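Descriptive structure summary
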Amino acid sequence: MKHLLSTADLSREEAIAILDIAEEMRETGTRQVKKLPALRGRTVVNLFFEDSTRTRISFEAAAKRLSADVINFSAKGSSVSKGESLKDTAQTLLAIGADAVVIRHPDSGAPARLAATDWIGLPIVNAGDGTHEHPTQALLDAFTLRRQLALREGVSPLGRGLDGLKIAIVGDILHSRVARSNLWLLNTLGASVTMVAPPTLLPVGASAWPCKISYSLDAVIESGVDAVMMLRVQGERMRAAFFPNPREYSRYWGLDDTRLKALEAKGHDTLILHPGPMNRGLEISSAAADSPASMVLEQVTNGVAVRMASLYMLLSGDLI
Amino acid sequence: MKYLIRQAAVLGGQATDVLIIDGKIAQLGELSDAEATVIEAAGLVLLPGLVDPHTHLREPGREDAETVETGSQAAARGGYTAVHAMANSTPVADNAGVVEQVYELGRKAGWVDVRPVGAVTVGLGGQQLSEIGAMADSRAKVRMFSDDGICVSDPLLMRRALEYVKAFDGVIAQHAQEPRLTEGAQMNEGEVSAVLGMTGWPAVAEESIIARDVLLAEHVGARLHVCHVSTAGSVEIIRWAKARGIAVTAEVTPHHLLLTDEKVKTFDPVYKVNPPLRREEDVLALRAGVADGTIDVIGTDHAPHPSEAKDCEWGVAAMGMTGLETALSIVQHTLVQTGLLSWADVARITSFTPAKIGSLADQGRPIAVGEPANLTLVDPAARWIVDPFTMATKGRNSPFAGMELPGAVRATFFHGHPTVLDGALATPRVAND
Ligand SMILES: [Zn+2]
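These numbers come from a predicted model, not from an experiment. (Residues numbered from 1 in each chain as written. Chains lettered and ligands numbered in written order. Predicted model: local features only at pLDDT ≥ 70, side-chain atom pairs only at ≥ 80, totals over all residues. Heavy atoms only, no water.)

Some points on the overall build of chain A
In terms of helices and strands, chain A carries 11 helices and nine strands. The C-alpha radius of gyration of chain A comes to 19 Å, within 12% of the 20 Å expected for a compact globule of 320 residues. Dimensions of chain A along its principal axes, counting C-alpha atoms only, are 55 × 50 × 35 Å. Across the 320 residues that make up chain A, the buried fraction comes to 57%. Across chain A, every contact between residues at least 6 apart in sequence was considered, and the portion connecting residues at least 24 apart equals 75%. (Helix = DSSP H or I, 4+ residues; strand = E, 2+ residues; numbered from the N terminus. Rg over C-alpha atoms; globule rule 2.2 N^0.38 Å. Buried < 20%, exposed > 50% of the residue type's maximum accessible area, 1.4 Å probe, protein only. Contact = heavy atoms within 4.5 Å.)

Points about the sheet that holds strand 7 (residues 212–214) of chain A
All names here are of chain A. Pairing is parallel in the open sheet, where five strands are placed in the order 7-6-5-8-9. The open sheet is flanked by strand 7 and strand 9 (271–273), the only strands paired with a single partner. Looking at each pair of strands side by side, their axes are set apart by 20° on average, direction ignored. Pairing of strand 6 (residues 192–196) with strand 7 involves three bridges; the strand directions are parallel. The residue of strand 7 that forms the bridge with Met195 is Ile213. (Pairing = 2+ DSSP bridges. Axes fitted to C-alpha atoms, helices over the stretch in contact; angles between N-to-C directions.)

Quick notes on helix 10 (residues 343–357) of chain B
Residues and elements named next belong to chain B. Its 15 residues give helix 10 an end-to-end C-alpha distance of 20 Å, which sits within 8% of 21 Å, the value for a rise of 1.5 Å per residue. Of all the bends in helix 10, the greatest measures close to 40° and is centred on Ile349. For helix 10, a buried count of 11 out of 15 residues is recorded, marking the element as mostly surrounded by other parts of the structure. When helix 10 is considered as a whole, its buried residues turn out to be Trp343, Val346, Ala347, Ile349, Thr350, Ser351, Phe352, Thr353, Pro354, Ala355 and Ile357. Phi for Ser359, located one or two positions after helix 10, is positive at around 55°. (Expected span 1.5 Å × (residues − 1). Bend = angle between axes of the 7 residues up to and from the residue.)

Topic: unusual backbone geometry
With an omega of -10°, the peptide bond between A:Gly276 and A:Pro277 qualifies as cis. Omega for the peptide link from B:Glu59 to B:Pro60 comes to 5°, which places this bond in the cis form. Here B:Pro60 is to be found in the loop between strand 6 (50–55) and helix 1 (68–77). A positive phi angle is found at A:Asp269, which is not glycine, with a value near 50°. Phi is positive for B:Arg58, which is not a glycine, with a value near 70°. Its place among the elements puts B:Arg58 in the loop between strand 6 and helix 1. The exposure class of B:Arg58 is buried, given its relative accessible area of 16%.

Points about the pattern of salt bridges
All told, the structure shown has 42 salt bridges over all chains when counted by the stated rule. Because the salt bridges share partners, they merge into one network encompassing A:Glu23, A:Arg26, A:Arg147 and A:Glu298. (Salt bridge = Lys/Arg side-chain N within 4 Å of Asp/Glu carboxyl O.)

A look at the interface of chain A and chain B
A common way to report how large an interface is uses the accessible area buried once the components associate. Listed per partner, the contact involves 20 residues of chain A and 17 residues of chain B. Regarding the contact of chain A and chain B, the summed buried area is about 1500 Å², with carbon and sulfur atoms giving 54% of it. Along the contact surface separating chain A from chain B lie two salt bridges. Residue A:Arg113 pairs with B:Asp268 through a salt bridge whose shortest N-O separation is 3.8 Å. Between chain A and chain B we count eight residue pairs in polar contact (both at pLDDT 80 or more) in total. Looking at the side of chain A that touches chain B, the elements with two or more residues in it are helix 3 (86–96), helix 4 (110–116) and helix 6 (177–188) of chain A. The element that contributes the greatest number of residues to the side of chain A that touches chain B is helix 4 of chain A, accounting for three residues. Here the side of chain A that touches chain B is built from residues that sort into 10 nonpolar, six polar and four charged. (Buried area = accessible area lost by both parts, 1.4 Å probe. Polar contact = N/O pair within 3.5 Å; in protein donor to acceptor, adjacent residues only side chain to side chain. Nonpolar A, V, L, I, M, F, W, Y, C, P; charged D, E, K, R; others polar.)

Examining the sheet that holds strand 8 (residues 113–116) of chain B
Residue and element names in this part refer to chain B. Taken together, three strands build an open sheet; the order of strands is 6-7-8 and the sheet is parallel. Two strands lie at the open edges of the sheet, namely strand 6 and strand 8, each paired on one side alone. Strand-to-strand twist across the sheet, computed as the mean angle between neighbouring axes with direction ignored, equals 20°. With four bridges joining them, strand 7 (residues 80–85) and strand 8 adopt parallel strand pairing. Looking at strand 8, one finds that Ala82 is bridged to Asp113.

Focus on the packing of helix 1 (residues 12–29) of chain A against helix 5 (residues 135–153) of chain A
All names here are of chain A. Interaxial distance between helix 1 and helix 5 falls to 10 Å at its minimum, and their mutual angle equals 70°. Considering the angle they form, helix 1 stands roughly perpendicular to helix 5. Contact with helix 1, carried on its side by Ile16, Ile18, Leu19, Asp20, Ala22, Glu23 and Arg26, involves Leu139, Ala142, Phe143, Arg146 and Arg147 of helix 5 and no other residues of that element. By residue class, the composition of the contact of helix 1 with helix 5 is seven nonpolar, no polar and five charged. (Parallel < 35°, antiparallel > 145°, perpendicular 65-115°, else oblique.)

Digging into the domain arrangement of chain A
Residue and element names in this part refer to chain A. Domain boundaries in chain A define domain 1 (7–134 + 300–316) and domain 2 (136–296). On a C-alpha basis, the centres of domain 1 and domain 2 stand 25 Å from each other. Taken together, the contact between domain 1 and domain 2 spans 32 residues of the former and 32 residues of the latter. Each partner contributes to the roughly 2700 Å² buried at the junction of domain 1 and domain 2, and carbon and sulfur atoms together form 56% of this total. (Domains from an automatic or database assignment.)

Written as structure tokens, this is what we have:
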């Protein structure tokens, strides 16, 4: 693995290897001494062109637990906002002595561009690019699902995929990098996916995706699913006429208390995931977010483990 | 000066000798002339000099990207003897002063006829008609008007523009792009944009404007030219309009005849262009549209950019591709070698018809005695690998870089003067007025 740009690039074997290493990494997180010496002397740069404290600190914690040095570079208020190009910024980081770049960028494809050009020649981790992909989020979601189901069955999660699971991804699919990365990875791991959204928030062309598409969250809940992934919906989308107003959105596509009860009534032990930050009362009710089925905090914990595994595989490299 | 072209296949047909004297075709047949410079052309195809209805020469204002000099050198190398220069310069070519400046720069450069296109609206602002009459009456004799790069989206303003240019036998060349439907658009909207998470540029944004404009042209009895048609639906609408007798002509770029939105998966901004690269179905429909005459002409939409405008991430990259030095090869590759067009058809879509649309008297003329010697010699058997760094244009943004293409321009005669010989730039023509 040279870069981590898209979950579509991962084979089943590679994806499972990352998840398995993440299991080991997660174990170390429960110890008194959480640090591993694996990346001592290496420098990881978090290059963030978009504000995302959650993702940045998750990557920062991951790198530090592997004993790497971390440089956080936020583009806000820096030379970048004064018009410096991605190329110049990246080359500056190379000159500083970076060994890997974790990049969050508002443009779809910016990490892939950084990886494809001769600008720096370092391993690149896509920490979310525009409305394209967010592969470590998908890996941590898959990790969370796999781990929970293994716990439930009392078996080891190691070496397993997500075969036969039914997953609903609900919300603003059109603008969601999380939805895209999850779609490819869940398919690779053997799960079947249903995208649920108002038609305005599904991309034209999604009919070619390897998933089912539904406009009715109620019908999907009724059909029985192993997990629902609720996506963040920005209330501002109503200004571009994607839906009439947040209230109506919530009424049809939100995981509200009524739908939470319907989920529980199915007796399917459906897990509830959300990549955060949540808009409580819009796409998810507080009761759903705080219910025993909610994996929201578990996802955050697992995010560090998955990012440790990703950095480890990119920088020590000899595993795959 | 006298030149004797020996054994050239005129429009791909009979091999003939062509004697050029003082800028004109003096004789055709089995010829000999001891004083003439002889150009051996056995195996080469002789075409009328190419006429491009659509280039961006960037001068005045962006001389770092291209100048009239370098752009017209690129044109000559591509086999062109005339190009239209779009109005989106800085300042905008929306008055007689700027169009005369561009015209003069072209005349002094001496590589091709440079015909400025006048802006439809002041500053391309889409609010107020520019001084169309003054531009038509200027030394540049502007006949084509366009806000290219920006659509004249206001239906009333478009109607007025179409009507107004009738007084000067002008034509409005529309960049068909409904602005609200393409806010923030990065690429064709479809299966590829869905995967890449890029804001889509839907086909309907082009087709709805073309549908509106052909109806407006019919209503006011005016001439409409549609720039860079890119979708299958647009071809159908134009086919319908022509069947109805509407005075519409349409243009397609070489890149839309070959490349698809699959290229965007590389995220390399060399493929970023407006209108965007479309689907395979669209490419095939465009070729069929050229073959059946629905699409009249090839326009390169040559759009050079400095390297920093493309050596960056997709979202901030400039839109546009160079095209003058590859156009004929792409036409041969996509239309001749596929059996869709003969070389006589190529002459029609690259020279005869574009000259008529732009009302260029000395261009796009038959290869006949007494006609101006604007001629291009092509070696259809040649093959070459596209290297943007050996081109005459300042732009290095060729989407065909690294591709092997058929057909090479061996010589270009501009009013009887060889601007290209042996496939390389020769000398400019010194205007004697
Ligand atoms: Zn245009």
